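Working through the structure, step by step
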Amino acid sequence: MELQSYGIKQRAMELGAHGCGIANIERFDNAPQGFSPKDVFSRCKSVISIFKQMPSGAILAENSIPYTHAAYKMYDELDNISMEILRYCQDLGADAVIVPSDTPYIYWDPENMVGKGIISLKHAGVQAGLGIMGHNTIFMNPDYGNMVYLGAVLVDAELEQDELMEDFDCIPGCKKCITSCPVSAIENNSVNQKLCRKQSFFQVGRGWDLYNCSECRIKCPLRLGKINKLNK
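Below is a summary of the structure that appears in this document. (Residues numbered from 1 in each chain as written. Predicted model: local features only at pLDDT ≥ 70, side-chain atom pairs only at ≥ 80, totals over all residues. Heavy atoms only, no water.)

It is worth spelling out the pairing of strand E2 (residues 46–53) at this point. The element E2 is largely enclosed, with a buried count of 8 among its 8 residues. Of the two faces of E2, the one holding Ser46, Ile48, Ile50 and Lys52 and the one holding Val47, Ser49, Phe51 and Gln53 are both buried throughout. Looking at chain direction, strand E1 (residues 19–24) and E2 are connected through 6 bridges and run antiparallel. Along E2, the bridge assignment pairs Gly19 with Phe51. Of the pairings in the sheet, the one linking E2 to strand E8 (residues 148–155) comprises 8 bridges and is antiparallel in character. (Buried < 20%, exposed > 50% of the residue type's maximum accessible area, 1.4 Å probe, protein only. Helix = DSSP H or I, 4+ residues; strand = E, 2+ residues; numbered from the N terminus. Pairing = 2+ DSSP bridges.)

Here you go:
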């Protein structure tokens, strides 16, 4: 049995992913130096991108702890799916490497509070045809909105890739994510990470990091996906 895109996607969905797409390594030719999939795994020929939706109500609590806890559970769920995809690839004779769905990452600019994963999971999701990035640079899928978290697997097999998504975009003229940001961190489809992180994260006793702000995600009319879910 040969490793094929269809089988990978079927296995990912069986494991609980809500979406799975594949991009050939050539789509990452313009990745920043040091952050290409080949910089992580030199034999990489295809990138498998997966996502899973967080339950929609998790973000709405006035207390920071429920959303923070849900986010960390999402990272665990995605990493578990990725690990099983690694085993699936291995069983079919291919070598694969996991990309963590969250930390750790090496690059950190303390002055500007900019951190980068070993590859950009958001860009990988776009290149795999799973969605787009909105004005606030948060990844969005047409069916599951912006409440999705991403993972990825790098594999040394040439796989059939998915078409880029060209029939989905932010609502024309919508700037709700921009105007809702309490620190005006969003401008020109980019985010000032220093302003955003100072507003979005804080540390409590015993060194716990909590998520404190998700206004741009909450106010997005496409938070939950297609039009029949608007403003829920």
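From this point, the discussion proceeds with the structure in view.
Now for the sheet that holds E8. What the 4 strands build is an open sheet, ordered E1-E2-E8-E3; its pairing is antiparallel. Unpaired on one side and paired on the other, E1 and strand E3 (96–99) mark the two borders of the sheet. Averaged over neighbouring strand pairs, the angle between their axes works out to 25° when direction is ignored. Along the sheet, helix H1 (residues 5–14) contacts E1 and E2; its crossing angle with E1, the most-contacted strand, is approximately 150°. (Axes fitted to C-alpha atoms, helices over the stretch in contact; angles between N-to-C directions. Contact = heavy atoms within 4.5 Å.)

Before going further, it helps to examine a nonpolar patch on the surface. On the surface, Phe202, Val204 and Trp208 cluster together into a nonpolar patch covering about 280 Å² of accessible area. Among the secondary structure elements, Phe202 is positioned in strand E11 (residues 201–203). Given the relative accessible area of 32%, Phe202 is considered partly exposed. (Patch = residues over 30% accessible without salt bridge, like charges linked within 9 Å, V, L, I, M, F, W, Y side chains within 5 Å. Areas by Shrake-Rupley, 256 points an atom, 1.4 Å probe, with all protein chains shown as cover. Salt bridge = Lys/Arg side-chain N within 4 Å of Asp/Glu carboxyl O.)

Applying the stated rule across the entire model yields 7 aromatic pairs. An angle of 65° between the planes, with centres 5.6 Å apart, marks the rings of Phe51 and Tyr144 as edge-to-face. Separated by 93 residues along the polypeptide, Phe51 in strand E2 and Tyr144 in the loop between strand E7 (139–140) and E8 bring together distant segments of the chain. Residue classification places Tyr144 among the partly exposed residues on the basis of a relative accessible area of 25%. Three or more aromatic residues link up through ring pairs in this structure, and these residues are Tyr67, Tyr72, Tyr75, Tyr149, Phe201 and Tyr211. Its end group placed over the ring of Tyr107, Lys116 keeps NZ or CZ at 4.9 Å from the ring centre. (Phe/Tyr/Trp six-rings, centres within 6.5 Å; stacked < 30°, edge-to-face > 60°. Lys NZ or Arg CZ within 6 Å of the ring centre and 35° of its normal.)

Packed helices, taken two at a time, are described by the angle between their axes plus the distance between the axes. One can describe the packing of H1 onto helix H3 (residues 64–91) by two numbers: an axis separation of 10 Å at closest approach and a directional angle of 145°. In this structure, H1 meets H3 at a crossing whose hand is right-handed. In contact with Gly7, Ile8, Arg11 and Ala12 of H1, H3 contributes Ile81, Glu84, Ile85 and Tyr88. Residue composition of the contact of H1 with H3, grouped by class: 5 nonpolar, 1 polar and 2 charged. (Left-handed = near helix turned anticlockwise from the far one by under 90°. Nonpolar A, V, L, I, M, F, W, Y, C, P; charged D, E, K, R; others polar.)

Before going further, it helps to spend a moment on the pattern of salt bridges. Under the definition given, this model contains 7 salt bridges. Note that Glu14 and Arg11 form a salt bridge whose closest N and O atoms lie 3.4 Å from each other. Pair noted here: Glu14 and Arg11 are both in helix H1, with a separation of 3 residues, about one helical turn. Across the salt bridge formed by Glu215 and Lys219, the nearest N and O atoms sit 2.4 Å from each other. A residue pair is termed a helical-turn pair when its members lie 3 or 4 positions apart in one helix, as Glu215 and Lys219 do in helix H7 (residues 215–219) at 4 residues. Members of the salt-bridge network, linked through shared partners, are Arg43, Asp95 and Asp156.

Once that is clear, we can look at H3. Over its 28 residues, H3 runs 42 Å from end to end, which matches the ideal 40 Å to within 8%, given 1.5 Å per residue. With a side-chain oxygen positioned 2.8 Å from the backbone nitrogen of Ile65, the residue opening H3 is Asn63. (Expected span 1.5 Å × (residues − 1). Polar contact = N/O pair within 3.5 Å; in protein donor to acceptor, adjacent residues only side chain to side chain.)

That's the geometry; what it means functionally is another story.
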